[in-house]
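Examination of the molecular architecture
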Amino acid sequence: MTVAATSPLDAAPSTRVPAGRYRITDLMRSEWTKLRTVRSTMWTLGVTIVVGIGVSALATGETRAHWSSMSLPTRLAFDPTRVSLTPLFFCQLALGVLGVLVISAEFGTGTARATFAAAPRRVPVLVAKTIVFGLVALVVSEATAFLSFFVGQAMLTAPATHATLSTPGALRAVTGTGLYLAVISLFALGLGTILRHTAGAISAFVGVLLVLPIIIQALPGSVQNEVTRFLPARIGEVMTNPRGVPLHAFSAWPGLLLLCGYAAAALVVGGVLLVSRDA
Amino acid sequence: MLWFGDRRPPHRPNPEGTTMIEARSLSKRYKDKLAVDNLTFQVRPGVVTGFLGPNGAGKSTTMRMIMGLDAPTSGDVTVDGRHYHDLGWPLHEVGALLEAKAIHPGRSARAHLLMLAESNRIPRRRVDEVLELVGLTSVAGRRAGKFSLGMGQRLGIAGALLGDPGVLLFDEPVNGLDPDGIRWVRNLLKGLAREGRTVFVSSHLMSEMALTADEVIIIGRGRLIAQRPVGDLLDQSAQRFVRVRTPQPDILVAALDGAGATVGREDDGSLTVRGMDATAIGDLAARVQAVLHELSPQSASLEEAYMELTEESIEYHGAQPMVAAAAGGNR
């Protein structure tokens, strides 16, 4: 590779220093560029949507195929909304991985140093990241929830029962599932900020979602029932269910509020560590 | 000032007596290792200041502390009188090449520069300008992970120039560059300094600094060894001597000894004379009627001067454990 024999003096000036200091909106623009210019974003978001819709179609299609051989009680217990939304549990893994990567990849690749050289105040950087990634996650999550619901219901042709958005509880279940996915991926962002390492943070995330429930099942029944309701996975389960609240669980909105608390706590701890540790 | 155009430069060049980067008793301790030890130095605008020391001497750590990336354990460092943290538009004031490939391998060169530019409200066209400047225009859309070490360095330099800053830090900028690229970096550094900017560049190679730097700050094991102009470094070196060949060494050695010079006899029969310059030796030889076959002043290379200085620092460390312990106790 050869370089033109130009001196830096030859370049036309094009930078002027604006007044004041960099703002959160500047950082958000930068974070948006970071997010959209790496392949892992497109991969994880693509997997979220495809898996959500695909597994929903599979689950509802399966039900439709066996409808004629299902017993009456089974038919009555069948909840078309829930069956079309349950597959979204797979989506949280893909979105969670992206939530972790959004910050852990910066530390893994050294980009964090470039980022903090450009914007040395670290809390605003994390806030900008949270807002930008949170909005993207919310849009993709809600889109996935609604698309999964519609595709699932379209698969459930007569004589199988299907739901519409005006079916009692259905709209809450669909929007709630999307919200659950967005908030759990912010929790993953918080874990990534605390742990910094991609593999470690993803393991912790999967541990909280999948391993923690198994550990709690080993506890004595009474303790188990008290603890289970606090699990993110349990909160998600309630979300996908349009028909009331199962035993040993918070109802939908208080559950979501608790989940927001988890995400906020992880992000605050992450923010404190971000400021106190060397980049 | 073509480069600055119609805007006010972030730092009005004022080479006389101004200090742009100032470290005061800067120290950094990592768990069990004191990486930077009570470092005090100043970096002026308008010249290239070399930051020299063996690998592991604490150069990169010091640069990261200037940039606010690592927090000092004690002491303080400021840029233009302010902490890095308090800069309003950091990229407009300080540009840095901290380490090659501090770049997401999946992101293109242009995207990397764009995300940096946006954070400091630098217009998009400036990204293309700096890409052109470092010769990466043709590969701007390629993923940085595919870049060679040299291309990575160029991208880092492009990032440093992005905000047209008055202060520039370069950590080992010629690493991985081909001879063409090395010459280009040297000219770039000198050109930036000529424009009145502050240029602070680290290297573990004295030979490189001899060609680029006007002034050097030498550190060893985290401690300041010397801060002085490159020329002075040679003058003060004990390695300066005059080589003399004569068929009558005994007469000349006696005369030189009498005149207060230090004389060493080499295996090849030549004499190395210290403490007297060639003119005085020639005059003395004429007076005692010694025939001279060679009379050549030898100046030590900067490399030798550097080795000499860093060796001193190692001896100093070995001899002063009690002092170091006492200083640590005060912290």
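Thresholds applied
Residues numbered from 1 in each chain as written. Chains lettered and ligands numbered in written order. Predicted model: local features only at pLDDT ≥ 70, side-chain atom pairs only at ≥ 80, totals over all residues. Heavy atoms only, no water. Helix = DSSP H or I, 4+ residues; strand = E, 2+ residues; numbered from the N terminus. Buried < 20%, exposed > 50% of the residue type's maximum accessible area, 1.4 Å probe, protein only. Contact = heavy atoms within 4.5 Å. Areas by Shrake-Rupley, 256 points an atom, 1.4 Å probe, with all protein chains shown as cover. Core = buried A, V, L, I, M, F, W, Y, C linked by side-chain atoms within 4.5 Å. Pairing = 2+ DSSP bridges. Axes fitted to C-alpha atoms, helices over the stretch in contact; angles between N-to-C directions. Buried area = accessible area lost by both parts, 1.4 Å probe. Salt bridge = Lys/Arg side-chain N within 4 Å of Asp/Glu carboxyl O. Polar contact = N/O pair within 3.5 Å; in protein donor to acceptor, adjacent residues only side chain to side chain. Left-handed = near helix turned anticlockwise from the far one by under 90°. 1 Å grid on protein atoms, 1.4 Å probe; cavity = no way out; pocket = protein on both sides within 12 Å on 5 of 7 lines; lining within 4 Å. Points joined across faces, edges and corners; volume = space filled by probe spheres on them. Nonpolar A, V, L, I, M, F, W, Y, C, P; charged D, E, K, R; others polar. pLDDT = per-residue confidence, 0-100. Patch = residues over 30% accessible without salt bridge, like charges linked within 9 Å, V, L, I, M, F, W, Y side chains within 5 Å. Phe/Tyr/Trp six-rings, centres within 6.5 Å; stacked < 30°, edge-to-face > 60°. Lys NZ or Arg CZ within 6 Å of the ring centre and 35° of its normal.

1. Considering the overall build of chain A
Assigned secondary structure in chain A consists of 12 helices and zero strands. Element order for chain A, N to C, with α for helix and β for strand: α-α-α-α-α-α-α-α-α-α-α-α. Expressed as a percentage of its 279 residues, the buried residues of chain A come to 48%. Taking as baseline every contact in chain A between residues at least 6 positions apart, the subset at least 24 positions apart corresponds to 79%. Summing over all exposed atoms, chain A offers an accessible surface of approximately 12,200 Å²; the carbon and sulfur share of this is 72%.

2. Points about the nonpolar core
Core analysis: the biggest nonpolar cluster contains 83 residues, and Ile21(B), Leu169(B) and Phe200(B) have the highest contact counts within it. Sort the elements by how many residues they give to this core and helix H8 (residues 170-195) of chain A lands first, with 12 residues. Once residues within four sequence positions are removed from consideration, Ile21(B) is found in contact with Phe41(B), Gln42(B), Val43(B), Ile66(B), Val77(B), Thr78(B), Val167(B), Leu169(B), Thr198(B) and Phe200(B). Ala160(B), Leu168(B), Val185(B) and Val199(B) belong to the second largest nonpolar core, which has 54 residues in total.

3. What about the sheet that holds strand S8 (residues 215-220) of chain B?
All names here are of chain B. Taken together, the six strands give an open sheet; going across it, the order is S5-S6-S7-S3-S8-S9, and neighbouring strands pair in mixed fashion. The two strands at the open ends of the sheet, each matched to only one other strand, are strand S5 (94-97) and strand S9 (223-229). Across the sheet, the axes of successive neighbouring strands diverge by a mean angle of 15°, strand direction being ignored. The pairing of S8 with S9 spans six bridges and is classified as antiparallel. Along S9, the bridge assignment pairs Ile-218 with Ala-226. Against the sheet, helix H1 (residues 59-66) touches strand S3 (48-52), strand S6 (167-171), strand S7 (198-203) and S8, its axis set at about 150° to S7. Its contacts with the sheet put helix H5 (residues 149-161) on S5 and S6, and the angle it makes with S5 is roughly 170°.

4. Thoughts on the interface of chain B and chain A
Contacts between the two partners involve 62 residues from chain B and, on the opposite side, 44 residues from chain A. Carbon and sulfur atoms make up 57% of the area that chain B and chain A hide from each other, which totals about 4,600 Å². By the criterion of area lost to chain A, the three top residues of chain B are Leu69(B), Trp89(B) and Glu118(B), representing 14% of everything that side buries. A salt bridge links Asp278(A) to Lys28(B); the nearest nitrogen and oxygen atoms lie 2.7 Å apart. On inspection of chain B and its partner chain A, the count reaches 19 residue pairs in polar contact (both at pLDDT 80 or more). Per-element tally for the side of chain B that touches chain A: the top contributor is helix H3 (residues 109-119) of chain B, with seven residues.

5. Some words on the packing of helix H7 (residues 122-155) of chain A against helix H12 (residues 252-276) of chain A
All names here are of chain A. In contact at an axis separation of 9 Å, H7 and H12 are set at 145° when each is read in the N-to-C sense. Of the two possible hands of crossing, H7 and H12 adopt the one that is right-handed. Contacts from Arg-122, Val-123, Leu-126 and Thr-130 of H7 reach H12 at Leu-267, Gly-270, Gly-271, Leu-274 and Val-275.

6. Thoughts on the layout of surface pockets
When its volume is computed, the largest pocket comes out at roughly 350 Å³. Forming the walls of the largest pocket are 21 residues, and the residues nearest its centre are Arg122(A), Gly68(B), Leu69(B), Ala71(B) and His85(B). Every element with two or more residues in the lining of the largest pocket is listed here: H7 and H12 of chain A together with H1 and strand S4 (74-79) of chain B. Among the elements that take part in the lining of the largest pocket, H7(A) stands out by supplying three residues, more than any other. A class-by-class count of the residues in the lining of the largest pocket yields 11 nonpolar, four polar and six charged.

7. Brief notes about the environment of Thr48(A)
Residues and elements named next belong to chain A. Counting through the fold element by element, Thr-48 comes out in helix H2 (residues 39-66). For the pair Thr-48 and Ala-94, spaced 46 residues apart in sequence, the C-alpha to C-alpha distance is 5.8 Å. Among residues more than four places away in sequence, those in contact with Thr-48 are Cys-91, Ala-94, Leu-95, Val-140 and Thr-144. Within the structure, Thr-48 has its side chain in polar contact with the backbone oxygen of Thr-44 (distance 2.7 Å).

8. What about the pattern of salt bridges?
Scanning the entire structure with this criterion turns up 27 salt bridges over all chains. Residue Glu93(B) is joined to Arg82(B) by a salt bridge in which the shortest nitrogen-to-oxygen separation is 2.5 Å. Placement of Glu93(B) in helix H2 (residues 90-93) and of Arg82(B) in the loop between S4 and H2 is noted, with a sequence separation of 11 residues between them. In this structure Glu93(B) comes out as buried when scored by relative accessible area, which is 10%. Look at Arg82(B) and you get partly exposed, because its relative accessible area is 29%. Connected through shared salt-bridge partners, Glu31(A), Lys34(A), Glu106(A) and Lys129(A) make up one network.

9. So, the confidence of the model for chain A
Residue and element names in this part refer to chain A. For chain A, per-residue confidence averages 91 on the pLDDT scale, and residues scoring 70 or more make up 94% of the total. The element-level mean pLDDT for chain A is lowest in helix H10 (residues 221-228), coming to 88, with helix H1 (residues 24-36) highest at 98. Here residues 1-15 is modelled with pLDDT under 50, and outside its nearest four sequence neighbours on either side it reaches 40 contacts, counting other chains as well.

10. A look at empty space enclosed by the protein
By the definition in use, this model includes five cavities of 30 Å³ or more. Its volume calculated, the largest cavity comes out at about 250 Å³. Along the wall of the largest cavity there are 23 residues; nearest its centre are Ala114(A), Ala96(B), Leu97(B), Leu98(B) and Gly156(B). Broken down by secondary-structure element, the contributors of at least two residues to the lining of the largest cavity are helix H6 (111-118) of chain A together with S5, H3 and H5 of chain B. Residue composition of the lining of the largest cavity, by class: 14 nonpolar, six polar and three charged. For the second largest cavity, the calculated volume is near 180 Å³. Lys34(A), Val38(A), Leu101(A), Val102(A) and Arg107(B) are the residues nearest the centre of the second largest cavity, which is lined by 18 residues in total. Of all the secondary-structure elements, those providing two or more residues to the lining of the second largest cavity are H1, H2, helix H5 (88-109) and H7 of chain A. When residues in the lining of the second largest cavity are grouped by element, the largest group, six residues, is from H5(A).

11. Description of a nonpolar patch on the surface
Residue and element names in this part refer to chain A. A cluster of nonpolar side chains, namely Ile-24, Val-123, Val-127, Ile-131, Leu-135 and Val-275, defines an oily patch on the protein surface of about 450 Å² accessible area. For the nonpolar patch, the element with the most residues is H7, which contributes four residues. Positionally, Ile-131 belongs in helix H7. Assessed through its relative accessible area of 32%, Ile-131 is described here as partly exposed.

12. Description of the packing of aromatic side chains
Residue and element names in this part refer to chain A. Counted according to the given criterion, the structure contains eight aromatic pairs over all chains. Both rings, one in Trp-67 and one in Phe-78, keep their centres 5.6 Å apart while their planes meet at 75°; by these two values the pair is edge-to-face. Taken together, the residues Trp-67 in the loop between H2 and helix H3 (72-77) and Phe-78 in the loop between H3 and helix H4 (80-85) connect sequence positions 11 residues apart. The pair formed by Trp-67 and Phe-78 is uniform in burial state, with each residue classed as buried. We note Arg-122 situated over the ring of Phe-116; from NZ or CZ to the ring centre the distance is 5.0 Å. Cation over ring: Arg-229 sits above Phe-250, and NZ or CZ is 5.7 Å from the ring centre.

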